[in-house]
Every structure is written in structure tokens, then in C-alpha cells.
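# Observations on the three-dimensional arrangement
Residue strings, one per chain:
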Amino acid sequence: MDILQLSRLREQTAHHILSDTRVISLWEGIGGEVHIVGSLRTGLLMHRDIDLHIYTDEVSVAESFSVIRSLVCGSGWKEVYYKNLMDTEEECLEWHALYQDKDAEVWKFDMIHIRKGSRYDGVVERVTEAIRRKLTPELRRTIL
């Protein structure tokens, strides 16, 4: 299979997983604004890796845990851990999870729950969009 086809296939699978797991709607349920970032957003997905930034006015550890609890009650979730970085300049909770899809492939989720207005609000999103704007088909193939 051509590398571009493989990347597109993985992107489609990633979007199906996002839909099947309801991860975006669960975060939105606590008032989260969810942004897909990283290789899935840029169209450079080769590794089974889904990166999400979730912004809320305030970051509540309890609400963040409630989303993860609801999420992992679904099938396929194999491992979850988090880092509480609220007392750092990042002002976020990092959630890292492993999910096994219907084909027994393992996907890594990085879900970063960030306080709106914090120092890093939108930084990764701006870099991701800058990369997207610069990608040509030739450059995409070279990177992949």
C-alpha cells in the first residue's frame, strides 16, 4: 500500500474511533472546546496516535476524571494515566490512554485538558495550522 493511502486509511480509522468512543462529545458535555491537533490534524498520521486539546474556563480535576470514567466504561480501553500540571505554567491535566480498536490495533490517545486563557492556550493549534498551510503533496510524502 502506498504511504499516502496508508496515512489516509489511518486518518479514517482515527475519526471512526473518535466517533465510536464519543470522546469529543464527552468532553463537550463538561463545557469543553475540543481541538484535534498533531499528526491527525495535519494529515501526517502514520502512528496510531490521536492528540486532543480540551479547553474549559476552569479545569476541574473532578470533572476531568468524570469524563475519563465515562470514556473508559466503554469497550477497548486498556490503560489510562494522567499528570496533574495545574500548579505549573502549563495549567493542565494530561490524560494518556491506550485504546484497542476492533482490529486489535492499539491507539495512543493524548488528551490535554487546558485552562482557557492560560499561557499555552492555542499555541499547538497555531503551529498545527501553520504546518497544514505549508504542506504540499510532495512535502507530505517526504514527511510520511
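Our subject is the structure that appears above.
The text that follows walks through the structure, step by step, so that each part is easy to find. (Residues numbered from 1 in each chain as written. Predicted model: local features only at pLDDT ≥ 70, side-chain atom pairs only at ≥ 80, totals over all residues. Heavy atoms only, no water.)

## Notes on the side chain of Asp110
Within the fold, Asp110 resides in strand β5 (residues 106-115). Of the polar contacts made by the side chain of Asp110, one reaches the side chain of Lys108; its length is 2.6 Å. (Helix = DSSP H or I, 4+ residues; strand = E, 2+ residues; numbered from the N terminus. Polar contact = N/O pair within 3.5 Å; in protein donor to acceptor, adjacent residues only side chain to side chain.)

## A closer look at unusual backbone geometry
At Arg22, a position not held by glycine, the phi torsion is positive, near 60 degrees. Among the structural elements, Arg22 can be located in the loop between α1 (3-21) and α2 (23-28). With a phi close to 70 degrees, Ala104 is a non-glycine residue in the positive phi region. By the secondary structure assignment, Ala104 is in the loop between β4 (92-100) and β5.

## Comments concerning the packing of aromatic side chains
Counting across every chain of the model gives 6 aromatic pairs. Measuring from centroid to centroid gives 4.8 Å for Phe65 and Trp95, while their planes differ by 85 degrees, and the two rings are edge-to-face. Of this pair, Phe65 sits in helix α4 (residues 61-72) while Trp95 sits in strand β4, and the two are 30 residues apart along the sequence. Take Trp95: its relative accessible area is 2%, and that puts it in the buried class. Measuring from centroid to centroid gives 4.7 Å for Tyr82 and Trp95, while their planes differ by 20 degrees, and the two rings are stacked. With Tyr82 in strand β3 (residues 77-85) and Trp95 in strand β4, the pair connects residues that are 13 residues apart, well separated along the chain. (Phe/Tyr/Trp six-rings, centres within 6.5 Å; stacked < 30°, edge-to-face > 60°. Buried < 20%, exposed > 50% of the residue type's maximum accessible area, 1.4 Å probe, protein only.)

## Re the side chain of Thr42
Secondary-structure assignment places Thr42 in helix α3 (residues 38-42). The exposure class assigned to Thr42 is buried, which follows from its relative accessible area of 6%. Here Leu44 takes part through its backbone nitrogen, which lies 3.5 Å from a polar atom of the side chain of Thr42. The residues touching Thr42, leaving out its near neighbours within four places in the chain, are Thr128, Ile131, Arg132, Leu135 and Arg140. (Contact = heavy atoms within 4.5 Å.)

## Describing the layout of surface pockets
Approximately 320 Å³ is the volume found for the largest pocket. Taken together, 17 residues line the largest pocket, and the ones lying closest to its centre are Thr13, Ile17, Asp101, Lys102 and Asp103. Looking at the lining of the largest pocket, the element that brings in the most residues is α1, giving 7 residues. Of the residues belonging to the lining of the largest pocket, the class tally is 5 nonpolar, 5 polar and 7 charged. In this structure, the second largest pocket occupies an estimated 170 Å³ of space. (1 Å grid on protein atoms, 1.4 Å probe; cavity = no way out; pocket = protein on both sides within 12 Å on 5 of 7 lines; lining within 4 Å. Points joined across faces, edges and corners; volume = space filled by probe spheres on them. Nonpolar A, V, L, I, M, F, W, Y, C, P; charged D, E, K, R; others polar.)

## Thoughts on the pairing of strand β2 (residues 49-56)
When a strand is regular, its side chains alternate between the sheet's two faces. Within β2, 8 of the 8 residues are buried, leaving the element largely enclosed by the surrounding structure. Relative to β2, strand β1 (residues 33-37) runs antiparallel, the two sharing 5 bridges. Bridge pairing in β2 places Ile36 opposite Leu52. Bridging between β2 and β5 involves 8 bridges; their strand directions are parallel. Its bridge partner lying in β5, Asp51 is registered against Asp110. (Pairing = 2+ DSSP bridges.)

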